[in-house]
Structure formats: C-alpha cells, structure tokens
Amino acid sequence: MFSLTVLGSGSAGNCSLISTGQCRLLVDAGFSARQIARRLESVGVSPESLDGILITHEHGDHVAGLEIFCRRFCIPIYANPLTAETLQRGSLADFPSWNLFATGAVFSVKNIEIQSFYVPHDAVDPTAFVFTADEGSIGFLTDLGYAPKLALERVRQVDTLVVETNHDERMLQEDTKRPWSVKQRILSRHGHLSNDAAAKLVASIAGHRLRRVVLGHLSRDCNRADLALRTMERFGIRGIELFCAEQNNVSPTFVVSGALPSMVSEEINPVRSQGDHHQRTQGTFDLGWQVG
Ligand SMILES: [Zn+2]
Ligand SMILES: [Zn+2]
C-alpha cells in the first residue's frame, strides 16, 4: 500500500511520511525529535523502521529535529550536496550516514523511485520531490516563490500532490507583526506560494492524473485553512479530493492506488470530500516550542 501521512505542516514545522509495504521515508524533519517520534508512533510506525529522511532544504522548519532524530534512531539522511554541506557546518559534521543526490536526479530507496527537481526559494539548493511506486505517484511542492515550467511538468503526472498554500495575500499585507522587508521576501520569486498562486498551479495541472491535493505550510498569522480551501474552489478546482494539513494534527493516511484512489482512501481513512470542510485528523500535538 503506497501512502502519504502528513505528520504536521505549517510555518513552524514540516514532516511527512511516505510509505509502501517495504519502505518508509520521511520528507523533512522540522519538529523536535521527540515530536517526530510521537507522531510516527501515533500512526503505528516505529522510528527505527524508517529507511531514510529526505531533506528539501536547510531552513529550521524542515530540519529542526534532524540531528537528534537521526542520531537517536540511526536513520540515513538524503540531501543534495549544497544542502548537506550547510547542515554539516553545524552539528551533523560527523554524522556517518549521508546519501547525496544531485538536484534533478532520479534515484530509488527500496521500491520507491524519487525524482528531485529545483524549486526557487531562498535556500542554498532547494528541491522538491515526486515519489513513485507501483500504485502511482505523490508530488511534494512546498517552499517555492513560483513554479517554474519544469516543476509543473514534474507534478503533472502525480495522483496526489502536497502543495504549499503559505499565505493569504491580503492577510499578509495587513499583518502588523512582520516588517516590510520580510513581507517582500515572502512575496518574492524566492519566497512562498500564496493561496491564489497555489490554486492557479493546481488548476493548471488538473485534468491529468491528479485525484487529491493536500494543502500545506500555512502561515500561522497570515492564513487560515478555510481561506486556502475556498481559494481552490474559487479557481474552479472540482472533482479533486482536497485536504488542508495542520501544524498540530497528524493527517489521515492518504492511500494512492492506481485503480480507484479516492474510493480506496475513503474506505480506509475517511477524509473530507469536495464541499465538506470537516477534517478528521489522527490526533493533536502541541508543539510546545516554535521555530522561526
Ligand atoms: Zn523554507
Ligand atoms: Zn518552510
């Protein structure tokens, strides 16, 4: 069974689990090691059983718990060379299990094939991923100022897409906590996708294989789940299962099946369907701390 579980997503931390019967991978480790372990255990996965952690980029909300988690449970890290070099300048210099991939490369871990590709964001070498198993594929597109043509091409064939809906443009403009320079950075071509930008992106790839979209990386102060979901509907995105991931809740486990993706997932793990904003998640976790 090929599946995705978002262990938590938002501007204060990001971590997701991709799994098949044979292979379990994390994408990012943006919570404390203890939080990651607790969230994994809440979905019946022991941290020791992971085959690797793939890192999108070196920002704190993606790597906060990486060092302690990997050392404690001896999990290999997968990253591109520049991201690895940046992380190795810190306390991961002597970590023994690094697996480097060039951005743009295709590689496999057990029975999951991973395609990495560049996305524009203010990090040393930010990357996004498409994971493919026998049953289909899952795209991961967070932390990007805009989607270049190549990135769009990569996610056009996925069944399930995790996409960043970082902010509502009006809420960001009206926010009084952030100085103008920070707002400029977020809105720039190396910043983050707004609800509108993400909805345009999804609308442009809908109609191919896409069956499910999971919205993620919402700003705590400048966005709300209902706004992000409504924006998708305003852009005419229909017939696609929509779900908004949360910072403090583990998402349902979304199953990708080549045959009948939505039906299978609804039987195993009921999630909201189009027009029904009720979200059933797998448990609440207080962060108890914040990352920048
Ligand atoms: Zn980032
Ligand atoms: Zn981030």
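Residues numbered from 1 in each chain as written. Chains lettered and ligands numbered in written order. Predicted model: local features only at pLDDT ≥ 70, side-chain atom pairs only at ≥ 80, totals over all residues.

1. Describing helix H8 (residues 195-205)
Along H8, the residues classified as buried are Asn195, Ala197, Ala198, Ala199, Leu201, Val202 and Ile205. On the buried face of H8, the contacting elements are helix H5 (149-155), strand E11 (160-164), strand E12 (212-216) and helix H9 (225-234). Positive phi appears at glycine 207, one or two residues downstream of H8, with a value of about 100°. (Buried ≥ 20, exposed ≤ 12 C-beta atoms within 10 Å, placed from the backbone. Helix = DSSP H or I, 4+ residues; strand = E, 2+ residues; numbered from the N terminus. Contact = placed C-beta atoms within 7 Å.)

2. Some points on the pairing of E11
Burial analysis of E11 places five of its five residues in the buried class, the great majority of the element. Along E11, one buried face is formed by Thr160, Val162 and Glu164 and the opposite face, lined by Leu161 and Val163, is buried too. Sheet topology note: the strand E10 (residues 136-141)/E11 ladder contains four bridges and is parallel. Looking at the pairing, isoleucine 138 lines up with threonine 160 of E11. (Pairing = 2+ DSSP bridges.)

3. Remarks on the pairing of E12
The element E12 is extensively covered by neighbouring structure, given that five of its five residues are classed as buried. Residues Arg212, Val214 and Gly216 of E12 are buried on one face, and the alternating residues Val213 and Leu215, pointing to the opposite face, are buried as well. Where E12 lies against strand E13 (residues 241-244), four bridges are found, and the strand directions are parallel. Bridging from a neighbouring strand, arginine 212 pairs with glutamate 241 of E13. Chirality of the crossover, the property in question, places the unit of E12, H9 and E13 among those that are right-handed. (Right-handed = clockwise from strand over helix to strand, strands pointing away.)

4. As for unusual backbone geometry
With phi around 60°, aspartate 143 is a residue other than glycine that occupies positive phi space. Within the fold, aspartate 143 resides in the loop between E10 and H5.

5. Let's talk about the nonpolar core
Of all hydrophobic cores here, the largest spans 74 residues; its most connected members are Ile53, Leu141, Val163 and Val202. For this core, the element with the most residues is H8, which contributes six residues. Look past the residues within four positions of valine 163 in its chain and what remains in contact with it is Leu141, Ala198, Leu201, Val202, Val213 and Leu215. (Core = buried A, V, L, I, M, F, W, Y, C linked by C-beta atoms within 7 Å.)

6. Here we look at the sheet that holds strand E14 (residues 253-256)
Judged by pairing direction, the sheet is mixed, and its seven strands sit side by side in the order E6-E5-E4-E3-E2-E1-E14 without closing on themselves. Of all the strands in the sheet, the pair left with one neighbour each is strand E6 (98-100) and E14. In this sheet, adjacent strand axes meet at a mean angle of 25° when their direction is disregarded. Relative to the sheet, helix H1 (residues 33-42) contacts strand E1 (2-8) and strand E2 (15-19), its axis offset from that of E1 by approximately 135°. (Axes fitted to C-alpha atoms, helices over the stretch in contact; angles between N-to-C directions.)

7. Some words on the confidence of the model for the chain
Taken over all residues, the pLDDT of the chain has a mean of 91, while the share at 70 or more is 90%. Counted against residues more than four places away or in other chains, residues 260-278, with its pLDDT under 50, gives 29 contacts. (pLDDT = per-residue confidence, 0-100.)

8. Focus: the environment of valine 45
Within the fold, valine 45 resides in the loop between H1 and strand E4 (52-54). Residue classification places valine 45 among the partly exposed positions, given that 18 C-beta atoms sit within 10 Å. Counting along the chain gives 202 residues from valine 45 to glutamine 247, while the straight-line C-alpha distance between them is 19 Å. Not counting residues up to four positions away in its chain, the partners in contact with valine 45 are Leu17, Arg24 and Leu40.

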